[in-house]
Structure formats: C-alpha cells, structure tokens
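For reference, the chains in residue letters:
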2 protein chains.
Amino acid sequence: MLSTRITEGLGLRYPVFQGGMAWIADGKLAAAVSEAGGLGIISAMAGGDYLRGQIKIARELTDRPIGVNLMLQSPTAEEAAQIIIDEKVEVVTTGAGMPTKFMPAWLEAGVKVIPVVASVAMAVRMEKLGAFAVVAEGQESGGHIGELTTIALVPQVVDAVSIPVIAAGGIADGRGTAASFMLGAEGVQIGTRFLVAEECGVHENYKKMVLDAADTSTVTTGRRFGGNTCRCIKNKFSREFIVKEYAPDATPESVADLGVGALRRAAVEGDTKTGCVLAGQISGMVNRPQPVAEMIEEIMKDTEELLKGATKWIK
Amino acid sequence: MLSTRITEGLGLRYPVFQGGMAWIADGKLAAAVSEAGGLGIISAMAGGDYLRGQIKIARELTDRPIGVNLMLQSPTAEEAAQIIIDEKVEVVTTGAGMPTKFMPAWLEAGVKVIPVVASVAMAVRMEKLGAFAVVAEGQESGGHIGELTTIALVPQVVDAVSIPVIAAGGIADGRGTAASFMLGAEGVQIGTRFLVAEECGVHENYKKMVLDAADTSTVTTGRRFGGNTCRCIKNKFSREFIVKEYAPDATPESVADLGVGALRRAAVEGDTKTGCVLAGQISGMVNRPQPVAEMIEEIMKDTEELLKGATKWIK
C-alpha cells in the first residue's frame, strides 16, 4: 500500500484522484472511485441543484471521502462554494482562477482545498492561501490546459512548495503513477482512463472515441487568443473551431462562444461529430472498458511492482 | 551503475545522451559528455567541413563512442551521412524525416542508428528500418518539437516497439531520469541542462537566458502552419515571430524564412534579443553552470538513489 501525505491527510486507501470532468464526473462515478479507495470528484459545472443531487447520490453509495471540482469562473461558483460547506464535502479542487474569496469559509468548515495549478507561481500562491495540496496538471491532460507538461511542471512545483503535489496529465497506468512519484508527487489525478469506466455515465459514443484514439488523436483549440486552450479528440468540431479561430478576421469575441454547449453535446447527447470530446494525449493507451475498482487495483498493483522493481537496472 | 540495452549495446557507462543541438553541440561538448560516460552527440547542422573538424576534436579528447545528430532535411545531409561512415562514428541520431535512403549504408558500416521520434507510428517505422533504438522526444524539449509530451509519448512507444527507447523532453535531473525509467525508457537524452555546462561553447548571453528562465519562460513558434514548431525562450524574436505568424495575411511562405539565421545569431553571436534561444520547459530548473562530468555524476547518483528508495512510500 502506498502511503503519502495525500492518503494520510485525506483518509484514502490509494493516492488516486479522479479528475472532476465537467458534464461527466457525477455522483455515481465519484462514489465508485471513492469506494475503490481513491478520491472521487464531482464536477460542479452543471449548477447547484445538480451538485446537491449528485453529492446525495455519492453519499448513498459510499461512506468514504468525496471531492467536488469547482471552476471558479463558473456563474454558479458562489452557490457551489456554499453547497460544498453545507454538504460537508471533504475536498474541493479548484480550477480557472484564484479561490481567494472562498478560502476562509472553506478552511473554517474543514474543507481541504486542493487547487489545480499549471505553473510554479500559481502553486506558491495557493500554498500561501492555505491549500492542503496542489494538483500540478500538465498540458497533456484533456480539457482546459496550461502550457507546461507534467514532467516539466511537477518537479518544479515540488521544489517551490512544501505542501504535497498531485501529478496530473498523461497518467493512465502504473507507469505514469510510478513516474509521478519519482518526480516528487505524492499522488496522481487520472481523468481520461476513467472516461471509459463502466460506472462513467458519459455517452457511449464518447467512450468509443477515447477507446479508438491513437497517440496523435488529440489537438488543442482556443490557443490563439490564450486563456482558454482545451485538449480534445480531433473531429469535425475541432477542425471547424480551428479554422474559425485562425481566420483572418477572427477576434477573441468571435471565438468566445464557439465551444458553448459543445462538451454537453458530445458527453450527454453523444454527438461526437459536432460536439467537443475532451480527452488527454494518453487516450491512445486507454483501450479497455473496466469497472473503476478494477482500474484502480490494476494501477496500484503495477505502480507497487514498478517501485519495488526499480532497482532492476542497477548492476 | 545503471545497466540497460543502451549502455550495453553502445558501450556506455551511463544511459545519458546529450542532445545534438544545432550550432551548439560541437566536438568539445560531445567529447566531455562521452568522456564522462554518456554519449556526446555532435550536430551536423553546420556542414561537412565543420562536422569533420568537430569529430576530429572529439576524437582527440576521448576514446569513447560519440554520436552525430543529422537533420535529414538539411541541404548537407547527404555529405554528413557519408562522413559519419568515413569517420566511423558509432551512433547517429536523426531528426526531421525518414532516414530510409541512408540506412543500408549505415547499417553495413556498423553505425547504430537511433532516430528521434515524436509519435508511435514513426517509432514503429524506424524499428522496421533497422534502428537500434529510438529517442522518444516530448514537446517540452527545446528546438524542433512534435505534439506529444514525454509522459504520454514514452510508454505508448515502449508498448509499440521492441527496441530500446530513450526518453527526451523535460529531463534535467535524477527525478526526470528515474521517472523515464518508470515509463519504460532505458536511457535519457538531455539537452537544456548541457547548454549551461562549462564545456558548452554556446554564447554566455544564451547561457544566461537559460539560467535566468522560469518554468513559464518558453513559448512555441512556427505552430500555425505546422511542421516547424520550435520551443524557445520568450524574447523580442519570439514575440515578433508570433505576431507575424498570426497576422491576417500570413502564409506558410511568408513565415518560412522568419527563423533563418536566428539560432546562429543567439548561439554564436550572443544576440539574445533578435536571436532565437532554443531551450526546453525544464529551463526553470537549470540554474547552475557546472562541468559536464559533475552534471552527469549528479544526475546518475540522484537517479540511483531515487530508484533504490522507490519503496519508501510502500507501507
């Protein structure tokens, strides 16, 4: 069993977070991950009523700690921040900004705050604000991403903060997990692999895109004007987005709404042509639907074997 | 001592390649790396006479194996390919294309061919051609890059080929090296850290840019029209390149010559304002000029300690 400040501090069996994927990470998936020993995380993206409902579902399915992922720029962020307190959610992961205004109330309520960061400077600011840990997320991740990659970002963040670091981006198996530990991380966050978990409610067409993807199947949209870069699987949506984004007369405003509704269209309605199929570069390695518990057991077993066998090259 | 198919097959003390950085990786640097137990690699970028001269310099400084890096699109590639045979260079690493036409002669001459690849498909093709190994290089690297990152690319390449894989991109210390081994690599290629080695002849202004860089100091140019993406440290050159590249009337042709001479201007003349300072995302971690041997000993010592201590998290 791997024991780190993440497992000890959060009361987890395994140092594995499930990414709080918008429109996808619901109570059922989160409960399956938490019940299997990791930290299941519900996305707060779909509003207050949805979040309350999904927390309730998760609580019925598991007694273990759960988390909520809050995109700070979301119009319902304020409401979600309070729900997290009211429902005694154990962990909140935040993205897309600084959680400054919510921190005092969360810390007072005993919520562990674990921001997702894409740079050293952001990690340092989060530690000062009282974060319990940070998720250092590389741009190989699916969804909204920064510029740094996991192998470059994680050790630089580890050098800059004293709180634990969770590695994210490009991790789907024991190899990525063991590598993250070598970089100084004390846990990993996995998104793409859980997309194809049996307990994941994302549309079957979406799962099929991930299962069929090769190493080079993803692309980034929203890069031109900065601040909104997303990694997704190449399809009609991404091709048209990129054409419009790089059109001579494109502006930040003309591009701003191109993605609206596109993730929901793919994830919920299963339209993987005109919808946006967010997924990471590691999609090429994700080839098998499995129950969550089987995935996590496999990842942890392989990680332990790699760490135990790490001296095999030393002669 | 780490022993892999790379150290055994190439007769190296350590599984560490020095990146064949154009205009920078000369005979003196390569000899220092080879003499310290790694594989020093001379860039063939500056033409046949230069290459012959640098091989001679390296041979005078070390009896150990050396390598040459050949950009296959270079106008002097043909000449360089023959020099490699004539001078009995032990290893050739190739970039920017398929080395198909040179392979038979190289293999017959006993040259070990180790192409740099950025995708699984390219790795598979290289194995079929008779490559001894591949360098799987992530886009966190400095210089010409692909799309995949190291943590996503390396395990997918390892799964697809039987020949040894050398990880490159974002690796500058024992942590990156140990992580690469966990991903399945049997060696690492390091570029950015060797830029600030005492034996590296790159201009002092260039070294200072790397030493002063933070985690977020690099950017990519040449991305818009594809095929020529380069990672460099942000400066006047990169800002102006990107403005021109994304101008409404930009075309692949208008952009093609923007970088001509820019690397030489920075690396040789020390003009780090209008010159191109190629360097990787790990620049933020590279803060200390050292002799090559000290760097390599430190990296190998830290790698071994991490691998030996890999079970510390297992309770």
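What you are looking at is a predicted structure, and each value in this text was computed from that prediction instead of being measured. Residue positions within a chain follow its written sequence, with the count starting from 1. The lettering of chains begins at A and the numbering of ligands begins at 1, in the order of writing. Local features in this predicted model are restricted to residues whose pLDDT is 70 or higher, and side-chain atom pairs enter the listing and the counts only when it is 80 or higher, whereas totals over whole chains, interfaces and linings include all residues. Processing note: side-chain calculations cover all non-hydrogen atoms of the structure and skip hydrogens and water entirely.

K.L.:
I'd like a rundown of the sheet that holds strand E1 (residues 16-18) of chain B, residues and numbers included.
P.N.:
Residues and elements named next belong to chain B. The sheet built from 8 strands is open, its strands ordered E1-E9-E8-E6-E5-E4-E3-E2 with parallel pairing. Each having just a single partner strand, E1 and strand E2 (40-43) make up the two edges of the open sheet. Recorded for the sheet is a direction-independent mean angle of 25 degrees between the axes of neighbouring strands. Paired strands, as defined in this entry, are two strands with at least two bridges between them according to DSSP. Elements are defined by DSSP. Helices are runs of H or I of four residues or more, strands are runs of E of two residues or more, and each kind is numbered from the N terminus. The pairing of strand E6 (residues 134-137) with strand E8 (residues 165-168) spans 4 bridges and is classified as parallel. The residue of E8 that forms the bridge with Val135 is Ile166. In what follows, a contact means two residues having at least one pair of non-hydrogen atoms within 4.5 Å. To obtain an axis, a line is fitted to C-alpha atoms, over the contacting stretch when the element is a helix, and the angle between two such axes runs from 0 to 180 degrees between their N-to-C directions. Against the sheet, helix H4 (residues 77-86) contacts strand E3 (66-71) and strand E4 (91-95), and its axis sits at roughly 165 degrees relative to E3. On top of the sheet, helix H7 (residues 150-160) reaches strand E5 (112-117), E6 and E8; it is set at about 175 degrees to E8, its chief contact.

K.L.:
Can you lay out the confidence of the model for chain A for me, pointing to particular residues and giving the numbers?
P.N.:
Mean pLDDT over chain A: 96, with 100% of residues reaching 70 or higher. At the level of chain-chain contacts, confidence expressed as ipTM amounts to 0.96, with global pTM at 0.97. One confidence number per residue, pLDDT, is output by the predictor and ranges from 0 to 100.

K.L.:
I'd love a proper account of the pattern of salt bridges, names of residues and values included.
P.N.:
All names here are of chain A. By convention in these notes, a salt bridge is any Lys or Arg side-chain nitrogen within 4 Å of a carboxyl oxygen on Asp or Glu. In this structure the tally under the stated criterion is 36 salt bridges over all chains. With a closest N to O distance of 3.1 Å, Glu78 and Lys101 form a salt bridge. Here Glu78 is found in helix H4 (residues 77-86), whereas its partner Lys101 is found in the loop between strand E4 (91-95) and helix H5 (103-108), with 23 residues between them in sequence. Summarising the burial analysis for this pair, Glu78 and Lys101 share the class exposed. Across the pair Glu298 and Arg193 runs a salt bridge, and its minimum N-O distance is 2.9 Å. Of the two residues, Glu298 sits in helix H14 (residues 292-308) while Arg193 sits in helix H9 (residues 192-195), which places them 105 residues apart along the sequence. Buried residues are those whose accessible area, probed at 1.4 Å on protein chains only, stays under 20% of the maximum for their type, while exposed residues exceed 50% and partly exposed ones sit between those limits. Classification of Glu298 as partly exposed rests on a relative accessible area of 25%. A network of salt bridges, in which partner residues are shared, links Asp49, Arg52 and Glu79.

K.L.:
Mind laying out the pairing of strand E9 (residues 187-190) of chain B, listing which residues take part and the relevant values?
P.N.:
All names here are of chain B. Side-chain alternation along E9 places Gly187 and Gln189 on one buried face and Val188 and Ile190 on a second face that is also buried. Of the strand pairs in this sheet, E1 and E9 are connected by 3 bridges, and their pairing is parallel. Each residue of the ladder has a partner; that of Val16, found in E9, is Val188. In this sheet, E9 lies alongside E8 in parallel orientation, the contact comprising 3 bridges. Its bridge partner being in E9, Ala168 is matched across the sheet by Gln189. For a crossover, the right-handed case is the one in which the path from the first strand over the helix to the second runs clockwise, viewed with the strands pointing away from the viewer. Between E8 and its parallel partner E9, the chain crosses via helix H8 (residues 174-182), and the hand of that crossover is right-handed.

K.L.:
If you had to explain the packing of aromatic side chains to someone new, which residues and values would you point to?
P.N.:
Here a pair means two rings of Phe, Tyr or Trp (six-membered ring of Trp) with centres within 6.5 Å. Their orientation is stacked below 30 degrees between planes, edge-to-face above 60, and tilted elsewhere. Across all of its chains, the model carries 7 aromatic pairs over all chains by this definition. Aromatic side chains B:Phe102 and B:Trp106 sit 5.4 Å apart centroid to centroid with 40 degrees between the ring planes, which places their arrangement in the tilted category. We classify B:Phe102 as buried; its relative accessible area is 9%. With a centroid separation of 5.8 Å and 65 degrees between ring planes, the pair formed by B:Phe237 and B:Phe241 is classed as edge-to-face. With B:Phe237 and B:Phe241 both in helix H11 (residues 236-245) and 4 residues apart, the pair spans about one turn of that helix. Each of the two residues, B:Phe237 as well as B:Phe241, counts as buried. Definition used: whenever NZ (Lys) or CZ (Arg) falls within 6 Å of the ring centre and also within 35 degrees of the ring normal, the charge is taken to sit over that ring. A cation over a ring is seen here: A:Lys112 above A:Phe132, with NZ or CZ 5.5 Å from the ring centre. In this arrangement the basic side chain of A:Arg264 is found over the ring face of A:Trp23, its NZ or CZ atom lying 5.4 Å from the centre.

K.L.:
Give a description of the packing of helix H3 (residues 48-61) of chain A against H4(A) that names residues and reports values.
P.N.:
Residues and elements named next belong to chain A. At their nearest, the axes of H3 and H4 sit 9 Å apart, and the two run at 25 degrees to each other. Taken together, the axes of H3 and H4 are roughly parallel relative to one another. As for how H3 packs across H4, the hand of that crossing is right-handed. Where H3 abuts H4, its residues Gly48, Leu51, Arg52 and Ile55 lie against Glu79, Ala80 and Ile83. What sets the label is the angle itself: under 35 degrees gives roughly parallel, over 145 gives roughly antiparallel, 65 to 115 gives roughly perpendicular, and the rest give oblique. The hand of a helix crossing depends on one turn: near helix anticlockwise from the far one by less than a right angle means left-handed, and clockwise means right-handed.

K.L.:
So what's going on with the sheet that holds strand E8 (residues 165-168) of chain A? Which residues, and what values?
P.N.:
Residue and element names in this part refer to chain A. One open sheet accounts for 8 strands, arranged E1-E9-E8-E6-E5-E4-E3-E2; its pairing is parallel. Taken across any chain shown, the strands that pair with only one partner, and hence form the sheet edges, are strand E1 (16-18) and strand E2 (40-43). When strand polarity is set aside, the average angle formed by the axes of neighbouring strands in this sheet is 25 degrees. With 5 bridges joining them, strand E3 (residues 66-71) and E4 adopt parallel strand pairing. Within E4, the position partnered with Gly67 by the bridge is Val91. Where H3 meets the sheet, it contacts E2 and E3, and its direction lies at approximately 160 degrees from that of E2. The sheet strands contacting H4 are E3 and E4, and the helix crosses E3 at an angle near 165 degrees.

K.L.:
Go over the interface of chain B and chain A, please, and point to the residues and values.
P.N.:
Across the boundary between the two partners, chain B contributes 50 residues, which contact 50 residues of chain A. As a working definition, buried area equals the accessible area (1.4 Å probe) given up by two parts on being put together, with both sides summed. The junction of chain B with chain A conceals about 4,400 Å² of combined surface from both sides, 62% of it contributed by carbon and sulfur atoms. For the chain B face of the interface with chain A, the top three residues by lost area are B:Ile151, B:Met182 and B:Trp313, together amounting to 18%. Where chain B meets chain A, there are 2 salt bridges. For A:Asp159, the salt bridge is made with B:Arg175, and the minimal N-O distance between the two is 2.8 Å. Here a polar contact means two N or O atoms within 3.5 Å. Within protein one must be a hydrogen donor candidate and the other an acceptor candidate, and residues neighboring in sequence count only if both atoms are side-chain atoms. At the surface where chain B touches chain A, the tally comes to 21 residue pairs in polar contact (both at pLDDT 80 or more). The set of elements that each furnish at least two residues to the side of chain B that touches chain A consists of H7, H8 and helix H14 (292-308) of chain B. Here the residues of the side of chain B that touches chain A sort into 23 nonpolar, 15 polar and 12 charged. The residue classification treats Ala, Val, Leu, Ile, Met, Phe, Trp, Tyr, Cys and Pro as nonpolar and Asp, Glu, Lys and Arg as charged. All others, Gly included, are polar.

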